[in-house]
Number of protein chains: 4
Amino acid sequence: MGGMAGGAHEHRLRVRYAETDQMGIAHHAAYVIYLEEARTRMLADRGLPYGELEERGFGLVLRRVELRYLSPARFDEELVIRTQVERVGGASIALAYEIRSATSEAPLVTARTELVCVRIRDGGRAPAALPDDFRALLSALSERT
Amino acid sequence: MGGMAGGAHEHRLRVRYAETDQMGIAHHAAYVIYLEEARTRMLADRGLPYGELEERGFGLVLRRVELRYLSPARFDEELVIRTQVERVGGASIALAYEIRSATSEAPLVTARTELVCVRIRDGGRAPAALPDDFRALLSALSERT
Amino acid sequence: MGGMAGGAHEHRLRVRYAETDQMGIAHHAAYVIYLEEARTRMLADRGLPYGELEERGFGLVLRRVELRYLSPARFDEELVIRTQVERVGGASIALAYEIRSATSEAPLVTARTELVCVRIRDGGRAPAALPDDFRALLSALSERT
Amino acid sequence: MGGMAGGAHEHRLRVRYAETDQMGIAHHAAYVIYLEEARTRMLADRGLPYGELEERGFGLVLRRVELRYLSPARFDEELVIRTQVERVGGASIALAYEIRSATSEAPLVTARTELVCVRIRDGGRAPAALPDDFRALLSALSERT
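Draft legend 1. Geometry of the overall build of chain A. Assigned secondary structure in chain A consists of three helices and seven strands. Tracing chain A from N to C terminus, the helices and strands come up as β-β-α-α-β-β-β-β-β-α. Summarising its shape, the C-alpha atoms of chain A cover approximately 45 × 35 × 25 Å along the three principal directions. In chain A, the proportion of contacts linking residues at least 24 apart, taken out of those at least 6 apart, comes to 65%. Here chain A has roughly 5600 Å² of accessible surface; of this, 47% comes from carbon and sulfur atoms. Across chain A, the centroid of the 20 positively charged side chains sits 4 Å from that of the 21 negatively charged ones.

Structure below.
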């Protein structure tokens, strides 16, 4: 379901029926969850599952998301989500995404997210530097693209 | 948005656009969340917000849910969810629900849920007796209906 | 992601982060959508995609769903959903499901759904007999199990 | 649940349990749906329910959404969503949103959406000019803010 293509990570999924709306297309909020699934798989495929990050007491929280909707997706359509590490800061990362149908090159949705690293402690979440191994991995991904 | 009618609690909400599907009706999974919102409001309206229960280290987890779909709901339709305490056990409760349109008496969906009380500790959840005040309140609601 | 095992169909998926709740487990409503994804894939894997059914003017609507929650699933856990055709009527079908972790045989959730065939026409949905090819396929699946 | 304050529309809702995630906060995708609910109520409160627009053969589809997450919301927290008409074009509108807790003035999330008017016909959606009454109403809202 996942792979790397020229530095970018690719993840595939299908639009669920529950994700369609009465206009007969995938509801726009579904894509926000597709982005999350894509970056989850990117991290796992690179050997640093997000779940492990949380077990070590860190989290990545969304600071900003932007999506541009170019063309709709349909029920059961297979989508390819291409995730690219754009920028790795001391405590944040920026990712860019392109979502297309598996049967076409034209993007349906393009998106960007900015995530901030936090330290989870006593129920609170304080900004924190990215753990070294995590930053190294993301930086390597970033350079390749 | 909430109230008591003959022992049962009533909660009102509207079907969100994101909750419709390409058949042009509220997707069946949305009702499971409507039930949860209805019982959340019932507890809060009776003076025992569920959030406080969790702060005290307890939780209510779903053991069983059953829904019967009689007639569909539409986008933006106002629904009335009537929640009734059916049975209060030592560590569990059973609730019955009836969902109808605000403009009609005919039920659209009927449902039942069984919830079990758990003690949340060290990331685990062990079955636990319902806290006394909680059981007393639920029993009182049950007798009235 | 799918396959047949002894008559039952198996589908695999992973718990999304958005599907977890503050108890740290997959929220109970997510499973209702997992069941739908599993039966969608079962139909597609057997050569009768649900989308085609709708294009032919038919739909399958949920009349009843029941879930029993035995044990929770976690973020990113791979789940196996085993779908079995229990009964094929003239205008309805009953399916049984078992959801387990990919790394264990113990079921986390068991479920049953009853679906009714409808004819979609002029925005309405009238009960209708299952199309012949569809019933034949489902009956064959039912007998094998 | 809704009202106008200095030209902007205000809508109130509560964070559902199903909308929390294992970080113990409202999941970021939930806000995209909150925005939709807020603009649905704004239109209905101003006398032009979105459902009527679709019945007349028009739709508003999202072309772009951007959210900035400043501070998290918690389960059952009452949120106030303030929606402002920023710009009304011939076939599109831009809305700005501010989401805050009902008990604080500090925004938790700020957002912008761009929506395009489409003509729904034969299952397709072609860009179309905003219906006159709709544009007039939105323009009036825009000028007041």
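Draft legend 2. Layout of the side chain of Glu10 of chain B. Positionally, Glu10 of chain B belongs in strand E2 (residues 8–14). At 3.3 Å, the side chain of Glu10 of chain B and the side chain of Arg82 of chain B are in polar contact.

Draft legend 3. The relation of the copies chain D and chain A, seen in detail. Turning chain D through 180° and shifting it by 0.0 Å along the axis lays it on chain A, with an RMSD of 0.0 Å. The symmetry that links the two subunits is that of a two-fold axis. Closest to the rotation axis within chain D is the C-alpha of Glu66 of chain D, separated from it by 2.1 Å. Here 100% of the interface residues in chain D have copies in chain A that are interface residues too; the copies meet face to matching face.

Draft legend 4. Region of interest: the interface of chain B and chain D. With 18 residues of chain B in contact, the opposing surface of chain D contributes 18 residues. Summed over both sides, the interface between chain B and chain D buries roughly 1600 Å², with carbon and sulfur atoms accounting for 51% of that surface. Three residues stand out in chain B for area buried against chain D, namely Arg16, Tyr17 and Phe75 of chain B, and they jointly supply 36% of the buried area on that side. Measuring nitrogen to oxygen at the nearest pair gives 2.9 Å for the salt bridge that ties Asp76 of chain D to Arg41 of chain B. On the surface where chain B and chain D come into contact, there are ten residue pairs in polar contact (both at pLDDT 80 or more). When contributions to the side of chain B that touches chain D are tallied by element, the ones reaching two or more residues are E2, helix H1 (28–45) and helix H2 (50–55) of chain B. Looking at which element gives the most residues to the side of chain B that touches chain D, the answer is H1 of chain B, with six residues.

Definitions and limits used
Residues numbered from 1 in each chain as written. Chains lettered and ligands numbered in written order. Predicted model: local features only at pLDDT ≥ 70, side-chain atom pairs only at ≥ 80, totals over all residues. Heavy atoms only, no water. Helix = DSSP H or I, 4+ residues; strand = E, 2+ residues; numbered from the N terminus. Contact = heavy atoms within 4.5 Å. Areas by Shrake-Rupley, 256 points an atom, 1.4 Å probe, with all protein chains shown as cover. Lys, Arg positive; Asp, Glu negative; His and termini not counted. Charge placed at Lys NZ, Arg CZ, Asp CG, Glu CD. Polar contact = N/O pair within 3.5 Å; in protein donor to acceptor, adjacent residues only side chain to side chain. Least-squares fit on C-alpha atoms with pLDDT ≥ 70 in both. Buried area = accessible area lost by both parts, 1.4 Å probe. Salt bridge = Lys/Arg side-chain N within 4 Å of Asp/Glu carboxyl O.

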